[in-house]
Amino acid sequence: MEIVLRGIGVSPGIGIGPVFLFDIDSIEVPHYPITEVTAELHRFHAAVETVRKDLKRLHKQTAHVLGEGHADIFTAHLMLLDDVAMHEEIETRLNKERLNVEFLLNDLILRYAKVMKTIEDPRFRERTNDFLDVGNRILVKLLNFERPSLEHIVPPSVVVAHDLSPSDTANIDVHNALGIATDVGGPTSHTAILARALEIPAVVGLRYIGAHVKSGDILIIDGAKGYAIIRPEPATLAEYAAEKERTDQRRSALLQIEDIRGSITLDGHEVPLLANIELPVEITSCLRVKARGVGLYRTEYLFLNQNALPTEEEQFQAYAQAAVALKPLPVTLRTLDLGGDKFASSLQLSPELNPQLGWRAIRFCLERPDIFKAQLRAILRASVHGNIQILFPLVSGIEELRRIKQVLEEVREDLTYRNVPFRKDIRVGSMIEVPSAVVVADMLARECDFFSIGTNDLIQYSLAVDRVNEKIAHLYEPAHPAIVRMVRDTIRAAKAAGISCSLCGEMAGDPLFTELLIGLGIDSLSMSSVAIPAVHAEIANTNLTAAKRLANRVLGATTIAEVRQILEERFKKKGAMERYLSRISPQQAN
């Protein structure tokens, strides 16, 4: 029987194939008495050393693909291998209980797993998860168990797991992983980041998918809408297979067009499309889809999964690399946005009852000027290598923006005093993602060079919906009339002040909203690289005058259902992608 589950779509695209069930919890661990404690300890230490070699290999492999920042999580895992408490407990219990070492280690792992279920703080859950990953690796070696691997997925399949650890995802076979589906996770989990970077369709937060599938079941993953369809009916399978084929053909055709004149409407209005990135590996995807720059570089990922804060030099190297690769195109670096659903292991942040409304983003940076100034110095130094601009997150009002600019000015003065070169004309922008910022957007616009509307958080805060909570994911709705009006008001404030206004939330990458956003007056859109071809086609089949009429109709709607009906009817009527491709000559399309 067909089963449809809804989770959180974190990487767009459709994946169809047999299930590759990735599950190591079913390992049977023997329980027997021992006589030679020394021999058991030797077995344990030998397993630890084998795991050490594996982790060093993973560190090297991850550094090559994703950069040193993300490879450092395996440095943390290597340190956990030498955890004194673990080694002391194993040795003490061996001497006292005289039981086989794998049974004792598994008991320790199970106790940690039980504790993890009671932990709310993502920072501590992350650390516990790291220990579980390392502990299970040692256990597998002790048992000579052939641990399931994602390094070679045969046949091509959709990976299903309760969760994927960093070492699991680092090994994934990108050529044969048709999709990823997990019970847990959110948009900023390691799984989500990797899936987006490697353009693998993924849905997380499905909660019970592992209980409903077995290896070999046919599974459909819709990474845009967040659906997982288990054992689909023939009609459903045919519908999604046809949609996947159309999408793949469209994307392939668009990527092969060499003479793209830019994202220009039928009546000559240009709306540049930029990319959102978080990893250096994504720069290649950016260039392949002919993005007009980076509209959002999420710099906090340099701080995640590390035991120590990145140095100013490490940050400088990362920012300069992006600037050089994309020169002369703009690279918009968003300053550190930690807190909320993103925690750095290296920062001892106290748990908060409501972290999304707590000490995060620019609030954290203003209270930690040592960290903030180091990042600003790295950004300014990198600015001489390309077209860098700075974007400040979660700005709630004019006082906050002025404090930020004061810190920036202090850093400028310091670099000038030390004769360190930087671009004096670097542009500074404010993210509009808090309702209060929309209300005072006219004031903010007078004191910065550009706006970037972050619809992900704007929707979250305006509709009181936690965007990483799978239980209420269906309430997270960009078509809410309030959201449409706030986008309009922000754009109006920017235009009145003579500054540009971009939009960089997930709403930007959904072609359903493209014509509406153009009609509202947006200057540019920034999205995941994988979404650019479809949005490009939508712009190429849009008329600015008609888009303004559509925007007026939508602004007159009073419900989410009305807004969606207007947009969906218009989208279907236009058939933008088909019309666009029909105008491409066979030489261009092939």
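What counts and how
Residues numbered from 1 in each chain as written. Predicted model: local features only at pLDDT ≥ 70, side-chain atom pairs only at ≥ 80, totals over all residues. Heavy atoms only, no water. 1 Å grid on protein atoms, 1.4 Å probe; cavity = no way out; pocket = protein on both sides within 12 Å on 5 of 7 lines; lining within 4 Å. Points joined across faces, edges and corners; volume = space filled by probe spheres on them. Helix = DSSP H or I, 4+ residues; strand = E, 2+ residues; numbered from the N terminus. Contact = heavy atoms within 4.5 Å. Buried < 20%, exposed > 50% of the residue type's maximum accessible area, 1.4 Å probe, protein only. Pairing = 2+ DSSP bridges. Axes fitted to C-alpha atoms, helices over the stretch in contact; angles between N-to-C directions. pLDDT = per-residue confidence, 0-100. Phe/Tyr/Trp six-rings, centres within 6.5 Å; stacked < 30°, edge-to-face > 60°.

## Observations regarding empty space enclosed by the protein
And then number 1: What the rule picks out here adds up to two cavities of 30 Å³ or more.
And then number 2: In this model, the largest cavity occupies a volume close to 70 Å³.
And then number 3: Every residue lining the largest cavity is listed: S11, P12, R196, E199, N276, E282, S285, S528, S529 and V530.
And then number 4: Here the second largest cavity is characterised by a volume of approximately 40 Å³.
And then number 5: Lining the second largest cavity, in full, are P511, L512, T514, E515, E538, L550, L567, R570 and F571.

## A look at the side chain of R52
And then number 1: With respect to the secondary-structure elements, R52 resides in helix α1 (residues 37-66).
And then number 2: Once residues within four sequence positions are removed from consideration, R52 is found in contact with L78, L81 and D82.

## Looking at the pairing of strand β11 (residues 330-334)
And then number 1: Burial of β11 is extensive: five of the five residues sit out of reach of the surface.
And then number 2: Burial along β11 is two-sided: the residues P330, T332 and R334 and V331 and L333 are all buried.
And then number 3: Where strand β10 (residues 294-298) lies against β11, three bridges are found, and the strand directions are parallel. Bridge assignment links Y297 to a residue of β11, and that residue is L333.

## Details of the sheet that holds strand β6 (residues 202-204)
What holds strands together in a sheet is hydrogen bonding between their backbones, with the strands either parallel or antiparallel.
And then number 1: Spatial strand order, β1-β8-β7-β3-β4-β5-β6-β2: eight strands in an open sheet with mixed pairing. Of all strands in the sheet, those with a lone pairing partner are β1 (3-6) and β2 (8-11), marking the two edges. Each strand of the sheet is rotated relative to its neighbour by a mean of 30°, with strand direction disregarded.

## Some details on the confidence of the model for the chain
And then number 1: Looking at the chain, pLDDT values average 85 and 84% of them are 70 or higher.
And then number 2: Here residues 340-346 scores under 50 on pLDDT; set against residues more than four positions off or in separate chains, the count is 30 contacts.

## Some details on the packing of aromatic side chains
And then number 1: Counted according to the given criterion, the structure contains two aromatic pairs.
And then number 2: When the ring of Y297 is compared with that of Y319, the centres are 6.3 Å apart and the planes differ by 90°; the resulting orientation is edge-to-face. Of this pair, Y297 sits in strand β10 while Y319 sits in helix α11 (residues 312-326), and the two are 22 residues apart along the sequence.
And then number 3: By relative accessible area, which is 2% here, Y297 ends up buried.
And then number 4: A relative accessible area of 0% places Y319 in the buried class.
And then number 5: Ring centres of F372 and F392 lie 6.3 Å apart, and the angle between their planes is 75°; this geometry places the pair in the edge-to-face category.

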